[in-house]
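# Tertiary structure, described
One-letter residues, chain by chain:
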Amino acid sequence: MVKNGSRRTDFGSHKVALSPSLIHTGTTGASGQDKVVGASLLTFSTVVFVYYTLWAIVMPFVDETYFLHDYFPRREYAIRIPCVLLVFGLTVILTFLSMVMIKSKKKVEKKSA
């Protein structure tokens, strides 16, 4: 029973007619620029992960005189750098949230006055 391009679908005991405008036929994917940015971020993240993993986990087991130690900072920075980045990131996030809360409180006070 197809009528005017609509399609009938059986959902158990309920019959539902779907109009062509409700049927999703196209795909909305990422544009070329989005894919390039995503691939770049994925590559950067992978490189950072591999470098940090080698530095913090593998290099302590490698002899101190081996030439690979020249490509990595001292081991103490393997803990200090992530801690500093964590504190900085949390500071930025919490500052943003507090600014939003302050602005929303001013709006509520302004409406009630």
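Please read all numbers here as calculations on a predicted model, not as lab measurements.

So, on to the overall build of the protein chain. Scanning the protein chain from N- to C-terminus turns up two helices and two strands. The linear arrangement of helices and strands in the protein chain, starting from the amino end, is β-β-α-α. Buried residues in the protein chain amount to 5% of all 113 residues. If you take every contact in the protein chain between residues at least 6 apart in sequence, the share linking residues at least 24 apart comes to 8%. Roughly 10,300 Å² of accessible area belongs to the protein chain as shown, and the carbon and sulfur atoms make up 69% of that amount.

Moving on: a nonpolar patch on the surface. On the surface, L86, L90, I93, L94, F96, L97 and V100 cluster together to form a nonpolar patch covering roughly 690 Å² of accessible area. Take F96: it is sitting in helix α2 (residues 77-112). By relative accessible area, F96 is classed as exposed at 55%.

Attention now goes to a positive patch on the surface. Residues K103, K106, K107 and K111 make up a contiguous surface patch of positive charge. Along the chain, K103 falls in helix α2.

UniProt marks residues 36-57 and 77-102 with the feature "transmembrane region" (unreviewed entry), using the numbering shown here. Along residues 77-102 the backbone is 100% helical and 0% strand, and the end-to-end C-alpha distance reaches 37 Å.

Here the focus is the packing of aromatic side chains. Centre distance and the angle of the planes are the two values used to describe a pair of aromatic rings. Under the criterion given, the structure shown has four aromatic pairs. Each residue in the set Y51, Y52, W55 and F72 is aromatic and connected to the rest through ring pairs, giving one cluster. Its end group placed over the ring of Y77, R80 keeps NZ or CZ at 5.8 Å from the ring centre.

Before going further, it helps to spend a moment on the packing of helix α1 (residues 32-58) against α2. It is the contact of α1 with α2, at a shortest axis distance of 10 Å, that shows an interaxial angle of 135°. Overall, the two elements α1 and α2 adopt an arrangement that is oblique. On the side of α1, the interface is formed by Y52, W55 and A56, while α2 contributes Y77, A78, I81 and P82. Split by residue class, the contact of α1 with α2 holds seven nonpolar, no polar and no charged.

The next subject is the pattern of salt bridges. Counting across every chain of the model gives three salt bridges. Residue E64 is joined to R75 by a salt bridge in which the shortest nitrogen-to-oxygen separation is 2.5 Å. With a gap of eleven residues between them, E64 in the loop between α1 and α2 and R75 in the loop between α1 and α2 connect regions that are remote in the sequence. For E76, the salt bridge is made with R80, and the minimal N-O distance between the two is 3.4 Å. Connected through shared salt-bridge partners, R74, E76 and R80 make up one network.

Rules behind the numbers
Residues numbered from 1 in each chain as written. Predicted model: local features only at pLDDT ≥ 70, side-chain atom pairs only at ≥ 80, totals over all residues. Heavy atoms only, no water. Helix = DSSP H or I, 4+ residues; strand = E, 2+ residues; numbered from the N terminus. Buried < 20%, exposed > 50% of the residue type's maximum accessible area, 1.4 Å probe, protein only. Contact = heavy atoms within 4.5 Å. Areas by Shrake-Rupley, 256 points an atom, 1.4 Å probe, with all protein chains shown as cover. Patch = residues over 30% accessible without salt bridge, like charges linked within 9 Å, V, L, I, M, F, W, Y side chains within 5 Å. Salt bridge = Lys/Arg side-chain N within 4 Å of Asp/Glu carboxyl O. Lys, Arg positive; Asp, Glu negative; His and termini not counted. Charge placed at Lys NZ, Arg CZ, Asp CG, Glu CD. UniProt positions renumbered as here; feature names shortened; annotations may be inferred. Phe/Tyr/Trp six-rings, centres within 6.5 Å; stacked < 30°, edge-to-face > 60°. Lys NZ or Arg CZ within 6 Å of the ring centre and 35° of its normal. Axes fitted to C-alpha atoms, helices over the stretch in contact; angles between N-to-C directions. Parallel < 35°, antiparallel > 145°, perpendicular 65-115°, else oblique. Nonpolar A, V, L, I, M, F, W, Y, C, P; charged D, E, K, R; others polar.

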